Structures are given as structure tokens and as C-alpha cells.
Amino acid sequence: MHHDAMRMTEGSIAGQMLRFAAPLFLGNLFQQLYNTADALIVGNMLGNDALAAVSATGTLVFLIISLFVGISAGAGVLISRYFGAQDYEKLEKAIHTNVAFSLVAGLLMTAFGVIFTPQLLTWMGTPPDVMDLSVTYIRIFFAGSLGLVLYNGLRGVMQAVGDGKNPLKYLIFCSCLNVVLDISFIGLFHTGVGGAALATIISQFLSGLLCLRRLMHTDEEYRVVLKKIRFHWPTLKLIVRYGLPSGIQNSVIAIANVVVQANINDFGKMAVAGCGAYSKIEGFAFLPITSFTISLTTFVGQNLGAREYGRAKKGARFGMLCAIIAAEAIGLLVYLLAPLLIRAFTDEPESIGFGVDKAHICSLFFFLLAASHSLAAVLRGAGKAVIPMISMLSFWCVIRVTFLHFMVPIYNSIDTVNWVYPLTWALSTVFLGIYYWRADWIHTFEKQSA
């Protein structure tokens, strides 16, 4: 019972980081497989219109989820820091405030989604012939968003105290359940696209409740007690201060990606299909990066909380190196196997050409993508969330959109759109790298709490 949490403030740095990153990697892999399975089931059982309807809503869902996941990351930074410092009174306040925030945010998101869905989809230019299906899907999805926000909030608590294993078990169970429910609702009960959304929210609710049950039944310092769930205002301010920059950053990057997508759309549906297939593959390449960034934030937060400064620096270097090497190894594989990988998604030679082109431009630069995200994760763990936000907003949003606006009309080729990625990855890596070397990110918390 006792050993789910992992105190990262003593013992082997490499061993702890790898042990913590492994279940996160498996969890992300599962999430990726299950998103792909969802698309395959809807596409094969309900046809192309249904698949288009579900795909059309993807960006919107991602945008809103990113905001909340970012904010609960702020709670994670506080929780890992108090856990590392063994300050259990503040730890309790941070955890219960985070749960209260998740509940309120989930209810607000439900009301917002159910009321404004048609308007939002119209603004996004959803094709009229899939509009009704998209509205159905998103409305049902939003109706269950409490489960989603709760799961993300509670998973954040568990990861902050170093428990990666339990959220992984629940994720695997619920992913399998989602596939079974998808096939039953769509195949047996003929509920259409609504059934796919219902399957997703039932699984999400269940994973949220499993996390809650786990946290209520632990006898550790991070136990959740129902009657203690309320807002502790000073703590909430800190959560928002550390989390809002990440939330805004995630959402704005999602908006910038919509602009990039619009540029790809201009090159026709073959380009959309080819680049879409590539982005599914890039999703898998991203998994080691995500796993190490969460470990880095938790590791740095816990060690700075415990005032283990040298250890925080060593762990930061080790985790960044692992993320960069893993991402570049995957990049090389993607580069070499691009034609084979893209062909798994589409058999149109023209689409395959677009996908392979994009893979050949982006994949060799995955080390920059990993460097950017790892540096940002270290700074976030140190309570410097505003710096990564400025970097990502300037380079991944403003410069990306400006570059496309001016360069695409001059060099009217899809390669111009593809090169915007390595270019902006490089700029943000240089900016964050200079900050990481020059600034005193180690003592941020003491200055802020003094």
C-alpha cells in the first residue's frame, strides 16, 4: 500500500527517472493506440462522414483539454514541491484545492460545451454535410467532461508524488473498455456517432472514479478526504500562477496548429491525408518526449522542495539527454521507414508523397523538439512557467503564423509549410537554452515564498 509514491530526493537519479518515465511512456503509448483505434472503429463501422465529423471536432476538444491539463500541471508543481519538502499541511491544501478546482472546471466546461457547441463548430468552418453529426458527438462528449477533468486532475496529483503505476493501470483498463463499448454501442445498438462519444465519456468517468477511490483509500500523506475538498484561496492563487501559463501556452499552440492546418488544406485533400498520416506517426515519436518531460517537472519540483539543488541540476541534465537521444533515434527510424509507415494509412501515391516529404523534412530535427520541451519542463518544475510560455507563444505561434503568411505566397510549395516546424523548434531551443544556462532557476521558489 505504502510504496506507490516515489520520493525522488535520494537514491539513484538515473534509476528513479527511468522507473518513473517507463509507466508514463506506456500510458501515453496506450492513449495513442486508443485514439487511433477510436478513429478506425468509427471509420470502418460508420463510414467516412462519421469519421470526418469526429475528426472535425478534434482540434476543439484538444484546445479545451489543453487549457485544463495545463492548469492542473500548476497544481502538480506545487504538490511535488510540498511532497519533496515534507510540508504535509500545505500538501493537503494543494491536493484538496486541486480536486475542488477540477470539479468546478468540469461542471463549467459541461455547461459551456452543451450550450455553445453549434456556434463553435460553425466558427471552425466544419463542413455543413457533417455538421449535425459533429454537434451530436461534441455535445455528448462535453456532457461527460467532468470525468475527463477529474481524471486529469487526480492523475496529476498521483504523478506529482511519483506514482506513475496506478494511473497507468486505470488508463489501460479504460482504454480497453472504451474499445469494447465503441463496438457494442455502434455495432450492436446502432447508436451512431453519439455512441462513440458515450463510450469515451463512460470510460473517462470510470478512470476518474478509480483515481479518486485510490487517493481516498491510501494511508499516505496525500490522501483525499471528501469533506476537506474546498478552495483554499492562497493555494488556488499559486496553482493558477504556475498552471495558467502552461494552459494558455497549450491552447494557443493548438490555435496556431489550426492556422498551419489551414495552409495544408490549401494544397488539396491529398496533402491533408498525407500530412494527417504523418502526424499520427509523429504522435508516436512524441511519446518518449512527453514521458521524460513529466518526470523532469516532478523530479525538479521534489528536489527543489527538499533543497537538493545539485541533485535537481544533475537530474535535469540526465532527463534532457534521455529525451533528446530517444527522440532523435525515433526520428532516424521515421526518416528511413517513412514510405512504409505512411502507406499503412493511405494507398494514394500522391498522399504518400506528401506524407514522406513532410517526414523527411521534420524527422531528423526531433532532437530540437525534445530539447525545447525538456528545457520547458525543467523551468516549469522550478516554478518558472512564464518563460516557456513566452518562448512557445513567440516562436511556435507568432513566428510560425507570420512566416506562413509571408513565405507561402512567395514560395508556393508545401515544403515551405513543412519547414516552419524545424525552424521554430530551433529558435525556441536556443532561447530556452540561453535562459537555462544564464538564469538562477534553482532558487525561484525560495524567493517567491520568502
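Since this is a predicted model, take the numbers as computed values, not measurements. (Residues numbered from 1 in each chain as written. Predicted model: local features only at pLDDT ≥ 70, side-chain atom pairs only at ≥ 80, totals over all residues. Heavy atoms only, no water.)

Novice: Quick rundown of the overall build of the protein chain? Include the residues and the values.
Specialist: Helix and strand counts for the protein chain come out as 17 helices and zero strands. For the protein chain, the C-alpha radius of gyration of 22 Å lies close to 22 Å, the compact-globule estimate for 450 residues. Put simply, the protein chain has 450 residues, and 54% of those count as buried. Considering only contacts within the protein chain whose residues lie at least 6 apart along the sequence, 83% involve residues at least 24 apart. (Helix = DSSP H or I, 4+ residues; strand = E, 2+ residues; numbered from the N terminus. Rg over C-alpha atoms; globule rule 2.2 N^0.38 Å. Buried < 20%, exposed > 50% of the residue type's maximum accessible area, 1.4 Å probe, protein only. Contact = heavy atoms within 4.5 Å.)

Novice: How would you explain the packing of aromatic side chains if you had to name every residue and give the values?
Specialist: Under the definition given, this model contains twelve aromatic pairs. Here F112 and F116 contribute two aromatic rings whose centre-to-centre distance is 5.2 Å and whose plane-to-plane angle is 45°, an arrangement assigned as tilted. Of this pair, F112 and F116 both sit in helix α4 (residues 88-123), four residues apart, roughly one helical turn. We classify F112 as partly exposed; its relative accessible area is 37%. Between F141 and F142, the ring centres sit 6.4 Å apart and the planes meet at 75°, which makes this aromatic pair edge-to-face. We note that F141, like F142, is buried. Three or more aromatic residues joined by ring pairs form one cluster here, namely Y137, F141 and F142. For the cation-ring pair, R7 lies above F83, with the distance from its terminal atom to the ring centre recorded as 4.1 Å. (Phe/Tyr/Trp six-rings, centres within 6.5 Å; stacked < 30°, edge-to-face > 60°. Lys NZ or Arg CZ within 6 Å of the ring centre and 35° of its normal.)

Novice: Break down the confidence of the model for the protein chain for me, citing the residues and quoting the values.
Specialist: For the protein chain, mean pLDDT is 87; residues scoring 70 or higher make up 96% of the total. Helix α16 (residues 414-438) holds the highest mean pLDDT among the elements of the protein chain, 95, whereas helix α17 (residues 444-449) holds the lowest, 67. (pLDDT = per-residue confidence, 0-100.)

Novice: So, the nonpolar core: which residues are in play, and what are the values?
Specialist: Counting 66 residues, the largest nonpolar core has V378, W425 and W441 as its most contacted members. Excluding anything up to four places from it in sequence, W441 contacts V300, L304, K313, A316, V378, L379, A382, K384 and Y436. L121, M131, Y151 and V157 belong to the second-largest nonpolar core, a separate cluster that totals 53 residues. (Core = buried A, V, L, I, M, F, W, Y, C linked by side-chain atoms within 4.5 Å.)

Novice: With reference to specific residues and values, describe empty space enclosed by the protein.
Specialist: By the definition in use, this model includes three cavities of 30 Å³ or more. The space that makes up the largest cavity amounts to roughly 50 Å³. Lining the largest cavity, in full, are Q31, Y34, Y151, L171, C174, S175, S203, Q204 and S207. If you list the elements that add at least two residues to the lining of the largest cavity, you get α1 (13-46), α7 (165-188) and α8 (192-216). Of the residues in the lining of the largest cavity, the class split is four nonpolar, five polar and no charged. (1 Å grid on protein atoms, 1.4 Å probe; cavity = no way out; pocket = protein on both sides within 12 Å on 5 of 7 lines; lining within 4 Å. Points joined across faces, edges and corners; volume = space filled by probe spheres on them. Nonpolar A, V, L, I, M, F, W, Y, C, P; charged D, E, K, R; others polar.)

Novice: Tell me what's going on with the state of the cysteines, and back it up with residues and numbers.
Specialist: Overall, the coordinates contain zero disulfides when judged by the stated rule. Counting only cysteine sulfurs, C174 is the nearest neighbor of C211, a cysteine outside any disulfide, at a range of 8.4 Å. (Disulfide = S-S within 2.5 Å.)

Novice: Could you give me a rundown of the packing of helix α11 (residues 287-305) against helix α12 (residues 309-343), with the residues and numbers involved?
Specialist: Closest axis-to-axis distance for the α11/α12 pair is 9 Å, and the angle between their directions is 180°. Here α12 runs roughly antiparallel to α11, going by the angle between their axes. Within the contact between the two elements, α11 uses P288, I289, F292, L296, F299, V300, N303 and L304 and α12 uses Y309, R311, A312, G315, A316, G319, M320, C322, A323, A326, A327 and I330. (Axes fitted to C-alpha atoms, helices over the stretch in contact; angles between N-to-C directions. Parallel < 35°, antiparallel > 145°, perpendicular 65-115°, else oblique.)

Novice: If you had to explain the environment of K169 to someone new, which residues and values would you point to?
Specialist: By the secondary structure assignment, K169 is in helix α7. Among the residues examined, K169 registers a relative accessible area of 53% and is labelled exposed. Considered as a pair, K169 and P23 are 146 residues apart in the sequence and their alpha carbons are 9.1 Å apart.

Novice: Which residues make up the pattern of salt bridges, and what values go with them?
Specialist: For the structure shown, the criterion picks out two salt bridges. Residue E89 is joined to K93 by a salt bridge in which the shortest nitrogen-to-oxygen separation is 3.4 Å. Of the two residues, E89 and K93 are both situated in helix α4; the distance of four residues between them amounts to about one turn of the helix. Since its relative accessible area comes to 57%, E89 is described here as exposed. Relative accessible area serves as the criterion here: at 30%, K93 is assigned to the partly exposed category. Put simply, E92 and K228 hold a salt bridge, and the shortest N to O gap is 3.1 Å. A residue pair is termed long-range when its members are at least 10 positions apart, and E92 in helix α4 and K228 in the loop between α8 and α9 (233-265) qualify at 136 residues. For E92, a relative accessible area of 32% gives the class partly exposed. (Salt bridge = Lys/Arg side-chain N within 4 Å of Asp/Glu carboxyl O.)

Novice: Could you give an account of the packing of helix α6 (residues 145-160) against α7, naming the residues involved and the relevant values?
Specialist: The description of two packed helices rests on the angle between their axes and on the distance between the axes. At a minimum axis distance of 8 Å, the contact between α6 and α7 shows a crossing angle of 150°. Contacts between α6 and α7 involve Y151, R155 and M158 from the first element and N166, P167, Y170 and L171 from the second. A per-class count over the contact of α6 with α7 returns five nonpolar, one polar and one charged.

Novice: If you had to explain the environment of I115 to someone new, which residues and values would you point to?
Specialist: Assignment of secondary structure puts I115 in helix α4. Using a relative accessible area of 57% as the deciding quantity, one classes I115 as exposed. Sequence separation of I115 and Y82 is 33 residues, and the distance between their C-alpha atoms is 39 Å.

Novice: Now, about unusual backbone geometry: what can you tell me, with residues and values included?
Specialist: You will see that H190, though not glycine, has its phi angle at about 50°, which is positive. As for its placement among the helices and strands, H190 is situated in the loop between α7 and α8.

Novice: Could you give an account of α7, naming the residues involved and the relevant values?
Specialist: Across its 24 residues, α7 extends 34 Å between first and last C-alpha, which sits within 8% of the 34 Å expected from 1.5 Å per residue. Note on α7: the residue one or two positions beyond its end, H190, has a positive phi of about 50°. (Expected span 1.5 Å × (residues − 1).)

Novice: Just give me the short version of a nonpolar patch on the surface, but keep the residues and values in it.
Specialist: A cluster of nonpolar side chains, contributed by L333, Y335, L336, L337 and L340, occupies part of the molecular surface with about 500 Å² of accessible area. With respect to the element layout, Y335 can be found in helix α12. (Patch = residues over 30% accessible without salt bridge, like charges linked within 9 Å, V, L, I, M, F, W, Y side chains within 5 Å. Areas by Shrake-Rupley, 256 points an atom, 1.4 Å probe, with all protein chains shown as cover.)

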